[in-house]
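Commentary on secondary and tertiary structure
The chain contents come next:
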Amino acid sequence: MIQNTFKRVRDQRIKRTSFVEPVQDPTLRQQQAWNKMSSITPTIGFDRAPTMRPSSQASTLTERSDVVDKKVSVEFYGDRSFKDHLKTVLLKNRKTAILFRMCNLMLKSLSAMIYVICLRSSDITQHSHCYGCDAPANITYPYYENLVWINRGLMFYVMQTVVAYLSFVETMLLLYLEYRGNIWEQILSTKILFESVCSVPFMISVVDKRLINLYVPSFLNCWLAKDFLEKIVLLCLKTSSTLTKHLVNLLSFIFCLGFTCVCGINYLERTQKDDQFDMFNSFWFVMVTFSTVGYGDLTPLWWLSKLFVVVTICLALSLIPIQLEQISFVFAEHQKTGGTYSRNRAEKERHVVLVTSTVTEDLVRDFVSEFYAYSELQDYYVVLLSAGEYDSYVKSICENPICQQRVIYIQGSALRFNDLVKVKVHYAECCFILASRHEKDQQREDEATILRAWSINDFAPHCPLFVQILNPESKVHVQFADYVICEEELKYALMASNCICPAMSTYISLLVHTLEGRDVSKASQEWERLFGRSTAQEIYDKRVDCSKFFHEFVGSSFTHAAMVSHRKYGCMLIGVRPAGKKIVLNPGPKYILTAEDTCYFFNITGEEETKIIEEPAAAAGGILGQVTPGGGGAAGAVGRRETVQTERTILHDKQRGKSNKSRLRSQADSGISEQASAIADYIDDVEAVLENVDMQKQKTGAFRDNIVQGFPTPAYQWFTSPHCHVLKESKASCCLDVFKPCQHCPHTNALEYDFKDKPTIISVDYMTAAIANFIVPLRHHLRSIDKLSPIIIMCEFKPDVNVLTAISCYPEVYYCIGKLDNLNDLFRAGISEAQAFIVSDRESSKAASESYLADSTSIVAVQTIQKLFPNLMIITELTYPTNMKFLDFNPKENGPNTLTYADKRRLEKVPVDSDLFRSAFVSGQAMSPSMLDTLLYQSFVKPYIMSIVYLLIGLKQHTGSGHLIFYVVDGEDVKCLQNFGRLMGERLTEYGQLPIGMYRKQPLDKQGSSSSDIELECSNEQHVRREEEEDAVFAMRQNQAKIILRDRLLRLGVADADINLEEMDRRKSGAINYVVVNPEPDIPLREGDIIYLIQPPESEW
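As the structure is a prediction and not an experimental result, all values here were calculated from the model.

Quick look at the packing of aromatic side chains
Working definition: an aromatic ring pair is given by the centre-to-centre distance plus the angle between the planes. Within this structure, the stated rule accounts for 33 aromatic pairs. Between Tyr766 and Phe797, the aromatic rings sit 4.7 Å apart at their centres with planes inclined by 10°, giving stacked as the arrangement. Note that Tyr766 is positioned in the loop between strand S15 (760-764) and helix H26 (772-778) and Phe797 in the loop between strand S16 (791-795) and helix H27 (801-807), a separation of 31 residues in sequence. Given the relative accessible area of 38%, Phe797 is considered partly exposed. Members of the aromatic cluster, each reached through a chain of ring pairs, are Phe367, Phe371, Tyr372, Tyr380, Phe432, Phe466, Tyr483, Tyr937 and Phe940. Over the ring of Tyr372 we find Arg406; its NZ or CZ atom is 4.1 Å from the centre of that ring. In this structure, Arg828 is placed above the aromatic ring of Phe739, and the distance from its NZ or CZ to the ring centre is 4.1 Å.

Quick word on the packing of helix H18 (residues 487-500) against helix H19 (residues 504-511)
In helix packing, the relevant descriptors are the interaxial angle and the interaxial distance, both defined with respect to the helix axes. Relative to each other, H18 and H19 sit at 125°, their axes nearing to 7 Å. Here H18 is positioned oblique relative to H19, judged by the angle of their axes. In contact with Leu494, Ser497 and Asn498 of H18, H19 contributes Met504, Ser505 and Ile508. Each residue belonging to the contact of H18 with H19 can be placed in one class, and the counts come to 3 nonpolar, 3 polar and no charged.

A look at the pairing of strand S17 (residues 813-817)
A regular strand carries its side chains on alternate faces of the sheet. For S17, the buried fraction is high: 4 of the 5 residues fall into the buried class. Strand direction decides the pairing type here: S16 and S17, joined by 5 bridges, are parallel. Across the sheet, residue Ile791 finds its bridge partner in S17, namely Val813. Handedness of the S16-H27-S17 crossover: right-handed.

As for helix H17 (residues 442-459)
With 18 residues, H17 extends 26 Å from end C-alpha to end C-alpha; this agrees with the ideal 26 Å at 1.5 Å per step. All buried positions along H17 are accounted for by Gln442, Glu445, Asp446, Thr449, Ile450, Arg452, Ala453, Ser455 and Ile456. Packed against the buried residues of H17 are strand S1 (350-356), helix H16 (417-422), strand S4 (431-434), strand S5 (465-469) and H18. Two to three positions downstream of the cap, the backbone nitrogen of Gln443 sits 3.4 Å from a side-chain oxygen, assigning the N-cap of H17 to Asp441.

About the criteria used
Residues numbered from 1 in each chain as written. Predicted model: local features only at pLDDT ≥ 70, side-chain atom pairs only at ≥ 80, totals over all residues. Heavy atoms only, no water. Phe/Tyr/Trp six-rings, centres within 6.5 Å; stacked < 30°, edge-to-face > 60°. Helix = DSSP H or I, 4+ residues; strand = E, 2+ residues; numbered from the N terminus. Buried < 20%, exposed > 50% of the residue type's maximum accessible area, 1.4 Å probe, protein only. Lys NZ or Arg CZ within 6 Å of the ring centre and 35° of its normal. Axes fitted to C-alpha atoms, helices over the stretch in contact; angles between N-to-C directions. Parallel < 35°, antiparallel > 145°, perpendicular 65-115°, else oblique. Contact = heavy atoms within 4.5 Å. Nonpolar A, V, L, I, M, F, W, Y, C, P; charged D, E, K, R; others polar. Pairing = 2+ DSSP bridges. Right-handed = clockwise from strand over helix to strand, strands pointing away. Expected span 1.5 Å × (residues − 1). Polar contact = N/O pair within 3.5 Å; in protein donor to acceptor, adjacent residues only side chain to side chain.

Fair warning: the whole summary comes from geometry, so function is off the table for now.
So, in structure tokens, the structure goes:
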């Protein structure tokens, strides 16, 4: 029975509703409580439960059900009195508080103005007396009655009395609302005393008419008006700087002090017989006295007037300097925060916001140069937001001619609401958030960048964000941004592209730079002319039906449009974006252009700045058309194009292409035959060669069986990885270290592994997950398994276990712990057998005392390696592009004393693109991530440029898009094809491959130079003597390199190493390698030229 009772109680609790019961009569509430208790009383010790009348119980349940069915609304309010409501309306609410104080200001100002008008209209010669009294018969001077009475008109009296009543009521209302417990402190305040002096006499004069002419110093209301004005400014300029408030206080104080002095001297001099101090003369006297001019034409006569002037001057000399000191201090602090950007300017002008942690000259110069390179952005302003002070260094940057009147610096943080309001980010066209790559702790810098992006997105979600981060792990936090560029991801992918296609980093850097191109019309070297034209090449887009170049190709294949447009207009069509789809590069001959497609091409200028001149066939000599950038006459014009090939030439080219195709297929059948022929040149025993080939076949077969195409291990992979070659089973972590033997592998250095291909070595200080962006392009699924050369990662510190797990799924990937400046570590890593050596930026050297010394370790180590291995391809990443001059440094014979005045002036004029013409950059042996910052800057004008670059270097893969490969020109190509235009026609028609560039090795003339350094002309005798000295130095260095190399290898236990040091390639006097972007059709081919090709997708060919 007890269980049943508690069950019934539980059921009743469950059935309770959440509605609030209305207030009931106490008697009814007691009756309901008794009924509830009676219904749940247990029957312990009783035969039956207490009885209850059925009618009473039924009626009670009916009443309860009626109460429950009624729904009521509850309003919550506090105990707020009438005073609290008035406070909210008149003081706390910003809009109504401003209106209330505006009324007070107008009343005080009106009272002072009526006082001045009243004095001006009163008769000065008539002696003042009380209202209704007779004027005295005998008057003696000074007449002190004028200090007590004034003959004011009845109209002025009525006006001043009404204003006094209203002003007094408002003052008492404020006294009531601002009361905080001490009534005497408020009554004896200056504000109440001034109000009493200016208003109470008029209120008393209503009772006693004789006081109508009583003099009341209403001009003191100016000080009350000053107090209300300061409060209004405080409310209106709530987010303004303190400088504005101090300026308003100073100006209002000077005005009130001057106005008080004018009215006071006028009042006191009214007692004299010859009253010269009317209101205007009083103003003249005050201005002359306060300006320390002192003409002496007006002087007060009464001693009390003189005392009043002395006291006023003392107050001015004591109070004004104090406020000036405060303003100067606030102004000095305000100068440290930079300039301001008002809302009025933000509404009328267009601007972008640049947020960065540290401001450097290189960053601002590169951004401004790239941003304002476009004509449509000339009217934009750049508001720079940084936490650093506006010191002399930042001031010198912003006052640079290229930045002046365009860059506005504001000190602040993107995490603060007020600072975001200062830069008007909600009015901005976009916001760039740049990370400082010079910080040693890159993870912390990325965290700061993430918070800045979150803060700006929270404040202005409609503002487009362009974010730059350092580590790939941070990309997941800023995926909401419109454009995100990861430096580690991009630089490693470019390094890998350099291993696939030489100097691809230089090729990409030229495309993402906006330069007009150097005037190379007077260049003495051919490479300077070709490379100078390449610096002006950019990526453009145009809809097909609106294009001058491509509208005629609607309905034609992509390959036909690319070939003909290049021959006819000199533009390089590389890709297309179908309507509603993604960008694809070289979709192949099966793709047909439509009017809605958007074409992407390389050219010196856009179509808007290009003029097409159609010439007659007889006059033009068969030229299809002539294109003149900018309307003709500009430097770097494309000039004449080659004529259309005749049918005989086309037939010959097709036959040549078929033979070449069969030759390429025979070479691509297997890499074993190439390896056997290379070994046969050095070994005479043919049987040994065949035995070695059989062993290589067995190794290659086992190697192929363990590799599949798939995606990398998802552990610790924070990048977008395309399809690539991976191992069926990941390696053990112990097998990855080439320096440490384990139970699976007994080798202690890379030379003992006996790799079938030369390895690629990359040197880093910390191996992070970003290294996968270097591995993935080299293990791309489109690359042949036979071409997967080993990758050795040499790091200074032991990597994390998760990183080792991430790289263990890739074939032929190893690591070792060693230092870049340690030759033993380099030899053990296999640098003597390497095909390429990549030096990544050293984070440990970024804490150098001088920022530009951050690359010192890499530069000196690379110079040492170049002396020992002159034929090794070395790719060096530098923090600062200006340090590229040290990678190909050669001491100059002539000192600065031999320079003429003209040469000294030429040295002072450093061209903007001087770093681009360094031989280290031209040949692709040096790269700097800072040169790729323009990729993010250009995305504001060219939203497609980032996708195209990522497709070229393999960071992205779109369905139907091609990939980058290269082709080496041989002697037969030079003989049959002769120039680049015919080569392009053959590759497109026979293979569907689109040539987009060229990498050439060219010998230099004896008079030429391979760098942008200024070299003096020497006589023939000096030139011959210099060549002999260089040859002697070269022979000595070569012998020293042989000795050092043999000694090091013998110490490592590699006694049978075959050391072959070939003759050094001296870039200064021998040859130079350089890149050509969008070569002209009539450029002659040379044996050994490397052609960059975009291979079409397999489904399209």
